[in-house]
Amino acid sequence: MSGSPRPRPPVPRFRAFLAALLLAPLIVSVALWAFAWPAARTAPRELPVGIAGPPAAAAPVEQQLTRHAGEFDVHRYGDETAAREAVERREIYGAFVVRPDGPHVLTASAASPVVAQALQQAAGGGHSGGEHSGGGAANPPSANGGTAHSTDVVAAPSADPRGAALSSSVLPMAIGGVVAGAVVVTLGLRGTRAVLALLGAAALVGGAAAALTHSWLGVLTGDWWAEAAAFGLMSLAVSAGVAGLGTLVGPAGIGLGAMVMVMFGNPLSGVTSAPEMLPQPLGDIGQWLPPGAGATLLRSVGFFDGRASDSPVLVLTVWAVAGLTLVTIGGLRKQPGPEPESGGRPQPAARVPAG
């Protein structure tokens, strides 16, 4: 007489219940840490700025900037012209110029409207002078009742004076890249076909993104082809990275890639303010990820004629080449064929009975 079947042990069900109970709070906590903490702690941290003017007159300004250690990385320039050139080369975000008629602030709202406003606040300016052009940030009243005039050396476009449209473009680029990489892995593309699919998708994304942001919205004002190339390289770095991880470790690699690119790469990109405005080392880490490097590259080619684009291009290229290499190696692996019947063991030949 056969006994009744044993009941299923409750341990797996308990583990599933525990995972369902704790997974959502864990994801929300990590997402809030990645998104909310950097936004709540936005402040200058070794922000590159310049001081121009006679040494005797510029010394009090430098002393005021260095009063709080770690906020500003001060560079000295002999005159205002040299400071302007440094701003245009993206070596500094702005400069404080000591003039006979009073202090003057050079800003670059195209580099970061938030930083431009912070520099105006640091100068204690009242309102911008006639040379100010479209920065989009109002100056606060001066503590001593005076005014500090400002000049927006590289102004943000009038279609996007606060940089909101450009900042909003980073997340869709990251999501699109994740989707492209996941599709390549899910469809089983390997080797040359996967590489061509990723390259083709990145090229189409670059053209479409440049057409929307430059031709239609007018939020980028640089060379159209350079902007399309920047968008395409950013998309390729994300999609190739996700596809490479997916090829290497399977579906878990796709999830890992999506977390790195979207949950960490987007909030740590510094596109809404500046990498130097984020808590460190998060600001530096964000520039090593495709969203942060891509945002920096877009500002360089969109407003500064490609200046200071070497580092972001290198980061994006490394991600793209590494991902494409993993996808190519995955295509070289021997694809498993259909398994033979009966567990792959050869079946003995049927014996024909004698007679």
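Each value, and the rule that gives it
Think of each chain on its own: its residues are numbered from 1, step by step along the sequence as written. Under the rules for a predicted model, residues below a pLDDT of 70 receive no local features and side-chain atom pairs below 80 are neither given nor counted, while totals for whole chains, interfaces and linings still include all residues. By convention in this description, side-chain values take in all heavy atoms of the structure and omit both hydrogens and water. Note on conventions: DSSP H or I runs of at least 4 residues are helices, E runs of at least 2 residues are strands, and numbering of each starts at the N terminus. Accessibility here uses a 1.4 Å probe with only protein chains present; expressed as a share of the type maximum, an area under 20% marks a residue as buried, one over 50% as exposed, and anything in between as partly exposed. The contact criterion used throughout is that any non-hydrogen atoms of two residues lie within 4.5 Å. The Shrake-Rupley method, run with a 1.4 Å probe sphere, supplies the accessible areas, and residue values consider only the shown protein chains as cover. Multiplying 1.5 Å by the residue count of a helix minus one yields the expected span of that helix. Orient the strands so they point away from the viewer, and a crossover whose first-strand-to-second-strand path over the helix runs clockwise is right-handed. The pairing criterion for strands is at least two bridges between them, as found by DSSP. One speaks of a salt bridge when a side-chain nitrogen belonging to Lys or Arg is within 4 Å of a carboxyl oxygen belonging to Asp or Glu. Space inside and on the surface of the protein is sampled on a 1 Å grid over the protein atoms alone, with a cavity defined as a set of points where a 1.4 Å probe fits but cannot get out and a pocket as an open set with protein on both sides within 12 Å along at least 5 of 7 lines; lining residues have an atom within 4 Å of a point. Grid points are joined across faces, edges and corners, and a volume is the space filled by probe spheres set on the points. Residues are grouped as follows: Ala, Val, Leu, Ile, Met, Phe, Trp, Tyr, Cys and Pro are nonpolar; Asp, Glu, Lys and Arg are charged; all remaining types, including Gly, are polar. Angular values range over 0 to 180 degrees, each being the angle between N-to-C directions of two axes fitted as lines to C-alpha atoms, with helices fitted over their stretch in contact. In these notes, a set of buried Ala, Val, Leu, Ile, Met, Phe, Trp, Tyr and Cys residues joined through side-chain atoms within 4.5 Å is what counts as a nonpolar core. Classification of ring pairs uses Phe, Tyr and Trp, with its six-membered ring standing for Trp, and accepts pairs whose centres are within 6.5 Å; under 30 degrees between planes counts as stacked, over 60 as edge-to-face, and the remaining range as tilted. Throughout this description, the term charge over a ring refers to an Arg CZ or Lys NZ atom that lies within 6 Å of the ring centre and within 35 degrees of the ring normal. Each patch is assembled from residues with relative accessible area greater than 30% and no salt bridge, linking like charges that lie within 9 Å and nonpolar side chains (Val, Leu, Ile, Met, Phe, Trp, Tyr) that lie within 5 Å.

**Considering the overall build of the protein chain**
Inference 1: Within the protein chain, the regular secondary structure consists of 12 helices and 5 strands.
Inference 2: Looking at the protein chain residue by residue over its 355 residues, the buried ones come to 42%.
Inference 3: In the protein chain, of all internal contacts separated by at least 6 residues, the share reaching a separation of at least 24 is 65%.
Inference 4: For the protein chain, the accessible surface area stands at approximately 18,700 Å², while carbon and sulfur atoms represent 64% of it.

**What to know about helix H7 (residues 191–216)**
Inference 1: Counted at 1.5 Å a residue, the expected span for H7 with its 26 residues is 38 Å, and the 37 Å between its end C-alpha atoms agrees.
Inference 2: Taken together, the buried positions of H7 are Gly191, Ala194, Val195, Leu198, Ala202, Gly206, Ala209, Ala210 and Thr213.
Inference 3: Where H7 is buried, its residues touch helix H6 (170–186), helix H8 (224–249) and helix H12 (310–332).
Inference 4: Where H7 terminates, the next one or two residues include glycine 218, which has phi positive at roughly 70°.

**A closer look at the pairing of strand E1 (residues 47–52)**
Inference 1: For E1, the buried fraction is high: 6 of the 6 residues fall into the buried class.
Inference 2: Because side chains alternate across E1, one face comprises the buried residues Leu47, Val49 and Ile51, and the other comprises Pro48, Gly50 and Ala52, equally buried.
Inference 3: Chirality of the crossover, the property in question, places the unit of E1, helix H2 (residues 55–65) and strand E2 (residues 72–77) among those that are right-handed.
Inference 4: Note: E1 against strand E3 (residues 94–99), 4 bridges, orientation parallel. Bridge pairing links alanine 52 to valine 97 in E3.

**Comments concerning the pattern of salt bridges**
Inference 1: The full count for this structure, using the stated rule, is 6 salt bridges.
Inference 2: Taking the shortest distance from any N to any O, the salt bridge between glutamate 80 and arginine 99 comes out at 2.7 Å. Remark: arginine 99 occurs in strand E3 and glutamate 80 occurs in helix H3 (residues 80–88); sequence separation between them is 19 residues.
Inference 3: With relative accessibility at 18%, the residue glutamate 80 sits in the buried group.
Inference 4: For glutamate 85, the salt bridge goes to arginine 89, with nearest N and O atoms at 3.9 Å.

**Considering empty space enclosed by the protein**
Any empty space left between the atoms is revealed when a probe the size of a water molecule rolls over them.
Inference 1: Following the criterion strictly, the structure yields 1 cavity of 30 Å³ or more and no others.
Inference 2: Estimates place the volume of the largest cavity at around 30 Å³.
Inference 3: Taken together, Ser109, Ala110, Pro113, Ala156, Pro157, Asp160, Gly163, Leu166, Val219, Arg299 and Phe303 form the lining of the largest cavity.
Inference 4: Its residues assigned to classes, the lining of the largest cavity shows 7 nonpolar, 2 polar and 2 charged.

**Regarding the layout of surface pockets**
Inference 1: Looking at the largest pocket, its volume works out to about 600 Å³.
Inference 2: What lines the largest pocket is a set of 30 residues, among which Tyr93, Pro275, Glu276, Gln287 and Thr296 lie closest to the centre.
Inference 3: Broken down by secondary-structure element, the contributors of at least two residues to the lining of the largest pocket are helix H10 (282–287), helix H11 (290–303) and H12.
Inference 4: Here the lining of the largest pocket is built from residues that sort into 15 nonpolar, 9 polar and 6 charged.

**So, the sheet that holds E2**
Inference 1: Strand order in this open sheet of 5 strands is E2-E1-E3-E4-E5, and the pairing throughout is mixed. Each having just a single partner strand, E2 and strand E5 (149–152) make up the two edges of the open sheet. Strand-to-strand twist in this sheet, taken as the mean axis angle between neighbours without regard to direction, amounts to 25°.
Inference 2: Where H2 meets the sheet, it contacts E1, E2 and E3, and its direction lies at approximately 170° from that of E2.

**Section: the nonpolar core**
Inference 1: Core analysis: the largest hydrophobic core is formed by 48 residues, its most contacted members being Leu47, Val49, Val115, Leu119, Val154, Phe303 and Phe304.
Inference 2: Residue contributions to this core peak at 6 residues, all from H11.
Inference 3: What valine 154 contacts, discounting residues up to four positions off in sequence, is Glu88, Thr107, Ala108, Ser109, Ala110, Phe303 and Phe304.

**Remarks on the side chain of threonine 296**
Inference 1: Its location among the elements puts threonine 296 in helix H11.
Inference 2: Residues in contact with threonine 296, not counting those within four places in the same chain, are Arg90, Gln287 and Pro312.

**Some details on the packing of aromatic side chains**
Inference 1: Taken as a whole, this structure holds 3 aromatic pairs when the rule is applied.
Inference 2: Considering the side-chain rings of tryptophan 224 and tryptophan 225, the 4.9 Å spacing of their centres and the 80° angle between planes classify their relative orientation as edge-to-face.
Inference 3: Residue tryptophan 225 is classed as exposed on the basis of its relative accessible area, which comes to 67%.
Inference 4: Three or more aromatic residues joined by ring pairs form one cluster here, namely Trp33, Trp37 and Phe264.
Inference 5: The ring of phenylalanine 304 carries arginine 90 above its face, with NZ or CZ at 5.0 Å from the centroid.

**Side note on a nonpolar patch on the surface**
Inference 1: A cluster of nonpolar residues, Phe14, Phe17, Leu18, Leu21 and Leu22, forms a patch on the protein surface that exposes about 510 Å² of accessible area.
Inference 2: Position of leucine 21 relative to the elements: it lies in helix H1 (residues 11–40).

**Notes on the pairing of E2**
Along any regular strand the residues' side chains alternate between the sheet's two faces.
Inference 1: When E1 meets E2, the two strands line up parallel, connected through 6 bridges. Its bridge partner being in E2, alanine 52 is matched across the sheet by tyrosine 77.

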